[in-house]
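Structural features, examined
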Amino acid sequence: MIRPFGLRDAWKIKYLQPRGVAFDLRRLLLRAALPTSSAILGVLTRQSMGAITFVNYGSKSSDVRGFIQLAPRKSGLAWDLSYLAPSLDDRQGQPSTWCDLLRYAIQVGAERHVLRIYARPPEDSEVEHLLRRSGFALVGREEIFALTEPPPPSAPPRGFRLADRQDSWELRELHRKTIPPLVYQACGAWQVDEWPSALLGLRHEQTRYVWSEKGEIVAHLGLASGPKGYWIECVVRPEYRGELLPHIQHLISLTECSPSRPVYFAVPDYSVGLGWLLRTLGFRSYSQQLVMVAHTVQRVPIYRSVTASAMEGCPELTPQ
C-alpha cells in the first residue's frame, strides 16, 4: 500500500533516510535538506515548500518498505525526483519497491495535472533500467564541473547584461534553435518565463544573463546560488561557443567562490567543447548524471459514433 506522507510517518522515514539515493546534483549540492525535514515542510505548507512524499507500506502499517520524494516546480506543471529510499544496495532495497513508488508518483502526477516528472540519477545501469521500466525515458547526460579557487576580478564583456521580461520570446527562440529537437521536446526551455518577484523584496534564487551580438541574443546563462555553492547553466549558439570564455569568467567573478562554496557548471552532452573552456579557467570534472523524463499523459485516439441525420427515418428494407 502506498499513501501520501502524514506527520505520523516522520519517525518511520527518518529511519530510512540515511539509506536512500539522492537525485539531481543541483539540488543536492546547493541546498540539500534532510528528507524528513522536507517531508514535514511539504505537509505544513501544502507543497508550496519542501517535498511531496509518498510512503510504501507492506501488509502492516508498521512495515515501511520505502518512500519517494518529489520537488514541484514553480509552474506547477512538472516535478523533479529528489529522493528514493532504501537504496538498491541496501539489504531491504527491492527493485519492485522502487517501481511501485515511481509508477504511483506518475499516476498521482497525472491526476494533479502535472505533465512531466524529471529524474537526474547518477550514471548507474541498474538505476537507469528501473527508471525505464517505470515509464522514464533517457533524454541526455550532463557532466558537472567544479571550481573551488576564487577567480580574479573581470570586467563585463561587450553585450553581456542581465536578462529582462522583454527577452522572453527571443530566449525561447534561442533555446528552441540551439537545443536538439528531441531534448527540447522532452525538457523545453529552463524556466524562461519564471521571472523574479518584487513581492516583499524577495529575490529569486536564479539570476539570468544574456549575451547579445548585433542586437541578437546568442547566449543565455543562469546563475543560481545556495548556502553550499553556486550553479551555472548555459545555452549558447554553437558558432559562438568558442568565444564564451570572457563571459563565463565575468560571471564567476560575481560569486564568492571558495573551497567551502564551489561554483558548479552543468555541461549537457550536446555542448561539445564547453568543457574544454571550463578547464582553462580551473574547473575540474566533478561528476556525471543522466537526464530522464516521464510524461504523465499521452495522446490517445478517441473514436466517437457518428449519426447521419439524412439517414434517420428511412424505411428498413425487408429481404424477400
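Below, the structure is looked at part by part.

**Some details on the packing of aromatic side chains**
Summed over all chains, the structure comprises eight aromatic pairs. Aromatic pair Phe54 and Tyr104: ring centres 5.2 Å apart, planes at 80°, arrangement edge-to-face. A residue pair is termed long-range when its members are at least 10 positions apart, and Phe54 in strand β3 (residues 52-57) and Tyr104 in helix α4 (residues 95-111) qualify at 50 residues. Ring geometry for Phe160 against Tyr209: centres 5.4 Å apart, planes inclined by 5°, an arrangement best described as stacked. Here the residue Phe160 occupies a position in strand β8 (residues 160-162), and Tyr209 occupies one in strand β9 (residues 206-213), the gap between them amounting to 49 residues.

**Observations regarding the packing of α4 against helix α5 (residues 125-133)**
It is the contact of α4 with α5, at a shortest axis distance of 9 Å, that shows an interaxial angle of 45°. The angle between α4 and α5 places the two elements in the oblique class. Relative to α5, α4 is oriented so that their crossing is right-handed. Across from Pro95, Trp98, Cys99, Leu102 and Arg103 in α4, the residues of α5 making contact are Val127, Leu130, Leu131 and Arg133. Partitioned by chemical class, the residues of the contact of α4 with α5 number seven nonpolar, no polar and two charged.

**Re the environment of Ser87**
Within the fold, Ser87 resides in the loop between β5 (78-85) and α4. Relative accessible area serves as the criterion here: at 12%, Ser87 is assigned to the buried category. Spatially, the C-alpha atoms of Ser87 and Gln17 are 9.7 Å apart, while their sequence positions differ by 70 residues.

Parameters at a glance
- Note on numbering: residues in each chain are counted from 1, in written sequence order.
- Residues qualify for local features only when their pLDDT is at least 70, as the model is predicted, and side-chain atom pairs are given and counted only at 80 or more; totals for whole chains, interfaces and linings, by contrast, use all residues.
- Note: side-chain values were computed over all heavy atoms of the structure, leaving out hydrogens and water.
- Between rings of Phe, Tyr and Trp, where Trp is taken as its six-membered ring, a pair exists when centres lie within 6.5 Å; planes separated by under 30 degrees are stacked, by over 60 edge-to-face, and by other angles tilted.
- Helical segments are the DSSP runs of H or I of at least four residues, strand segments are the runs of E of at least two, and each set is numbered from the N terminus.
- To obtain each axis, a line is fitted to C-alpha atoms, and for helices this fit is confined to the stretch in contact; angles are then taken between N-to-C directions over 0 to 180 degrees.
- Angles are sorted into four bins: roughly parallel if under 35 degrees, roughly antiparallel if over 145, roughly perpendicular if 65 to 115, and oblique for all others.
- In this scheme the handedness of a crossing depends on how the near helix is turned from the far one: anticlockwise by less than a right angle means left-handed, clockwise means right-handed.
- Pairs of residues are marked as contacts when any of their non-hydrogen atoms sit within 4.5 Å.
- Residues are sorted three ways: Asp, Glu, Lys and Arg are charged, Ala, Val, Leu, Ile, Met, Phe, Trp, Tyr, Cys and Pro are nonpolar, and all the rest, Gly among them, are polar.
- Throughout this description, buried means an accessible area under 20% of the type-specific maximum (1.4 Å probe, protein chains only), exposed means over 50%, and partly exposed covers the range between.

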